[in-house]
Amino acid sequence: MTQSNGENPQRSHSGLHQIRAGIQSRSLLAKKRVENIKKDEVKGFFMKNAFVILTITAVITGIILGFSLRPYKLSYREVKYFSFPGELLMRMLQMLVLPLLVSSLITGIASLDRRASGRMGMRAVIYYTTTTVIAVFIGIVMVLIIHPGKGSKDEFTKQQQIEQVSPADAFLDLIRNMFPPNLVEACTKQFKTHYAKRVIQVTVTVNDTIFLQNGSQQIAQEEMIPVPGSVNGINALGLVVFSLCFGLIIGNMGEQGQPLRDFFDCLNEAIMRLVAIIMWYAPVGILFLIAGKIVEMDDISAMGGQLGMYTITVISGLLIHAIIVLPTLYFVITRKNPFLFIAGLLQALVTALGTSSSSATLPITFKCLEENNKVDKRVTRFVLPVGATINMDGTALYEALAAIFIAQVNDYDLNFGQILTISITATAASIGAAGIPQAGLVTMIIVLTSVGLPTDDISLIIAVDWFLDRLRTTTNVLGDSIGAGIVEHLSRHELRVNDLELGNQTVDQTEKKPYHLISPENEYENEKPTPDDTKM
């Protein structure tokens, strides 16, 4: 006992010495790495992350500038002049909404149809569509329950008091807008039911009165009847339906549809490059949008509270989808522990959180799935590129939630048809805007335009968008990876059959070779002269 008590201090001392030595060695190594960093590496880092750095700088500068100008009590005209660079950014993005929506959807669906022709492709498409719809539903339910944007504006109240659309007419308007009779008109107008008064004459029969005997009397009566009408704004729902159907058709046309596919591929690439150019102006526009909105606010504390609740709502929705819904789907289908599967993806998830780019994370996602989770390469190389095209769970959830939040801020009560329009448009827009910079900003404009909400209020959420964008990207990568695991489980029998067929083909090819292996003895025997040759 005495020896053990005497050894314990020595062991603890040696352990502390080892820890101290390890810390010193790591600090020396870090110091050497810092000393070895060259100016070109620093320059390369800033060039690679220039857009993110400029955007964050613009947000911080805009907030500081806005609060600095509030004491000067600028007039409405002065605020509008000050916010003009931000207005230009919104007009540029609105200019690209129509060609971006149409070209990206047609291109994505046409290429997807060729890749998803087999059972594995259909399973991947069904999974991604299901999870995206669930994500939109979660976002809508969360924003309607928490109600983060308590109405602070009366911008739409007068319009609401004049005319209320019945739920039945709102639902019929939704279906009518899905099939516009004129595609050109759908680029500028949406169908909307209006109401008009109609006076009808009602005949009332009067019997045995002091005025008339067995006579009749005409009484004028008014009733409200629905009449066809329209409102200004892009009919995004109709264009989405047309683009989806058109993309499926040219995807099934084979070689005949190749010229159209090439045309829309080129159009989509040109629009993407134009968006990328405009995005370099985005930090300037964002700076003035945020500063102008802060100067314009009457009650800054109330708006701050709304933004805080909005951020909590988005994070809660993303966590519910990522921690509850996706693991539950994985467990129900595969009967395996989903959190062990997610543990193998930590490197990819951290990379997605840091880079805010699904494309940049794709190589690491391949590595995590194939090496850590042992997912078949035939599945990952097929499912992940498809997921990068159509699976935007986090983005779809965010867009639907943010659109309803802006409606709540403006005290605008959305009906069922408008909420359904937001959900459909958010799903389609998140698919169409996959892969472009600042996809959240672009798709937000599409969703708001679909229900006639003001796009100027996007500046309310830009201040927190750069942070939420990273959480959205992480959710998207997690959804892609879990989809690969689910598709592999559902396709395990086909993969096994393919392995057996490949093995049989290898055996058959060996047996049917046009040559045969011979030993040196056989070779020597073949070279022996024939009896006729010996006689010669």
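As the structure is a computational prediction, the values presented were derived from the model and not from experiment. (Residues numbered from 1 in each chain as written. Predicted model: local features only at pLDDT ≥ 70, side-chain atom pairs only at ≥ 80, totals over all residues. Heavy atoms only, no water.)

### A word on the overall build of the protein chain
Alright, step 1. Of the regular secondary structure elements, the protein chain holds 24 helices and four strands.
Alright, step 2. For the protein chain, with 536 residues in total, the buried portion stands at 41%.
Alright, step 3. The contacts of the protein chain with a sequence gap of at least 6 include a subset with a gap of at least 24, amounting to 82%.
Alright, step 4. Summed over all atoms, the accessible surface of the protein chain reaches about 30200 Å², with 62% contributed by carbon and sulfur. (Helix = DSSP H or I, 4+ residues; strand = E, 2+ residues; numbered from the N terminus. Buried < 20%, exposed > 50% of the residue type's maximum accessible area, 1.4 Å probe, protein only. Contact = heavy atoms within 4.5 Å. Areas by Shrake-Rupley, 256 points an atom, 1.4 Å probe, with all protein chains shown as cover.)

### Regarding helix α16 (residues 358–372)
Alright, step 1. If you look at α16, its biggest bend is around 35°, right at Ile364.
Alright, step 2. For α16, the complete set of buried residues consists of Thr361, Thr365, Phe366, Cys368, Leu369 and Glu370.
Alright, step 3. Remark: Lys374 follows α16 within two positions and exhibits a positive phi of approximately 55°. (Bend = angle between axes of the 7 residues up to and from the residue.)

### Quick word on the pattern of salt bridges
Alright, step 1. Applying the stated rule across the entire model yields six salt bridges.
Alright, step 2. Linking Arg273 and Glu269 is a salt bridge whose minimum nitrogen-to-oxygen distance equals 3.1 Å. With Arg273 and Glu269 both in helix α11 (residues 258–279) and four residues apart, this pair spans about one turn of that helix.
Alright, step 3. Relative accessible area serves as the criterion here: at 57%, Arg273 is assigned to the exposed category. (Salt bridge = Lys/Arg side-chain N within 4 Å of Asp/Glu carboxyl O.)

### Things to note about the confidence of the model for the protein chain
Where the model shows low pLDDT, its predicted coordinates should not be examined in detail.
Alright, step 1. Here the protein chain averages 78 in pLDDT, while 78% of its residues score no lower than 70.
Alright, step 2. Taken together, the stretch residues 1–5 has pLDDT below 50 and engages in zero contacts with residues farther than four places along the chain or on a different chain.
Alright, step 3. Counted against residues more than four places away or in other chains, residues 152–162, with its pLDDT under 50, gives 18 contacts. (pLDDT = per-residue confidence, 0-100.)

### Some details on the environment of Ser103
Alright, step 1. Relative to the helices and strands, Ser103 resides in helix α5 (residues 84–115).
Alright, step 2. Residues contacting Ser103, with those up to four places away along its chain left out, are Phe264, Leu267, Asn268 and Ile271.
Alright, step 3. Side-chain polar atoms of Ser103 contact the backbone oxygen of Pro99, separated by 2.6 Å. (Polar contact = N/O pair within 3.5 Å; in protein donor to acceptor, adjacent residues only side chain to side chain.)

### Focus on the packing of helix α12 (residues 282–296) against helix α21 (residues 459–490)
Alright, step 1. Between α12 and α21, whose axes approach to 8 Å, the crossing angle comes to 125°. Relative to α21, α12 is oriented oblique. Handedness of the α12/α21 crossing: left-handed. The residues of α21 that touch α12, namely those facing Ile286, Leu289, Ile290 and Lys293, are Ser459, Leu460, Ile462 and Ala463. (Axes fitted to C-alpha atoms, helices over the stretch in contact; angles between N-to-C directions. Parallel < 35°, antiparallel > 145°, perpendicular 65-115°, else oblique. Left-handed = near helix turned anticlockwise from the far one by under 90°.)

### Topic: unusual backbone geometry
When glycine is set aside, most residues are seen to have a negative phi, and most peptide bonds are trans.
Alright, step 1. In the Ramachandran plot, Lys73 falls in the positive-phi region, its phi being about 50° despite a non-glycine side chain.
Alright, step 2. Note on placement: Lys73 falls in the loop between α3 (50–69) and α4 (76–82).
Alright, step 3. The exposure class of Lys73 is exposed, given its relative accessible area of 71%.
Alright, step 4. One non-glycine residue with positive phi stands out, namely Arg335, at about 60°.

### Some remarks on the environment of Leu349
Alright, step 1. The residue Leu349 is located in helix α15 (residues 346–355) in this model.
Alright, step 2. Residue classification places Leu349 among the buried positions, given a relative accessible area of 12%.
Alright, step 3. Considering only alpha carbons, one finds Leu349 and Cys368, 19 residues apart in sequence, at a separation of 9.9 Å.

### What to know about the packing of aromatic side chains
Alright, step 1. On inspection of all chains with the given rule, the structure shows eight aromatic pairs.
Alright, step 2. Of the aromatic side chains, those joined through ring pairs into one cluster are Phe242, Phe246, Phe263 and Phe264.
Alright, step 3. Lying across the ring of Phe331, Arg335 places its NZ or CZ 5.7 Å from the centre.
Alright, step 4. Here the basic side chain of Arg472 rests over the ring of Tyr398, its NZ or CZ set 4.1 Å away from the ring centre. (Phe/Tyr/Trp six-rings, centres within 6.5 Å; stacked < 30°, edge-to-face > 60°. Lys NZ or Arg CZ within 6 Å of the ring centre and 35° of its normal.)

### Considering the nonpolar core
Alright, step 1. Counting residues in each nonpolar core, the largest one holds 71 residues, and the members touching the most others are Leu93, Tyr310, Phe405, Ile422, Ile458 and Ile461.
Alright, step 2. Among the elements that make up this core, the one with the highest residue count is helix α18 (residues 393–409) (twelve residues).
Alright, step 3. Ignoring anything within four residues of it in the chain, the contact list for Ile422 reads Ala400, Ala403, Ile404, Leu414, Val447 and Val451.
Alright, step 4. In terms of nonpolar packing, the next biggest core, distinct from the first, is built from 30 residues, Met120, Ala124, Ala322 and Val477 among them. (Core = buried A, V, L, I, M, F, W, Y, C linked by side-chain atoms within 4.5 Å.)

### Here we look at a nonpolar patch on the surface
Alright, step 1. A cluster of nonpolar residues, Phe171, Leu172, Ile175, Phe179 and Phe416, forms a patch on the protein surface that exposes about 490 Å² of accessible area.
Alright, step 2. In terms of residue count, helix α8 (residues 167–178) provides more of the nonpolar patch than any other element does, three residues in total.
Alright, step 3. Inspection of the secondary structure puts Phe171 in helix α8. (Patch = residues over 30% accessible without salt bridge, like charges linked within 9 Å, V, L, I, M, F, W, Y side chains within 5 Å.)

### Overview of the packing of α3 against α21
Alright, step 1. Two elements in contact, α3 and α21, have axes separated by 9 Å at closest approach and are oriented at 145°. Considering the relative orientation of α3 and α21, their crossing is left-handed. Taken together, the residues of α21 that come into contact with α3 (itself represented by Val52, Ile56, Val59 and Ile63) are Ile462, Ala463, Trp466 and Arg470.
Alright, step 2. Classifying every residue of the contact of α3 with α21 by side-chain character gives seven nonpolar, no polar and one charged. (Nonpolar A, V, L, I, M, F, W, Y, C, P; charged D, E, K, R; others polar.)

### Re the side chain of Gln190
Alright, step 1. Inspection of the secondary structure assignment puts Gln190 in strand β1 (residues 189–191).
Alright, step 2. For Gln190, a relative accessible area of 10% translates into the label buried.
Alright, step 3. For Gln190, the side chain forms a polar contact with the main-chain oxygen of Ile234, separated by 3.0 Å.
Alright, step 4. With near-sequence residues (within four places) excluded, Gln190 lies in contact with Asn177, Gly229, Ser230, Val231, Gly233, Ile234, Asn235, Thr449, Ser450 and Val451.

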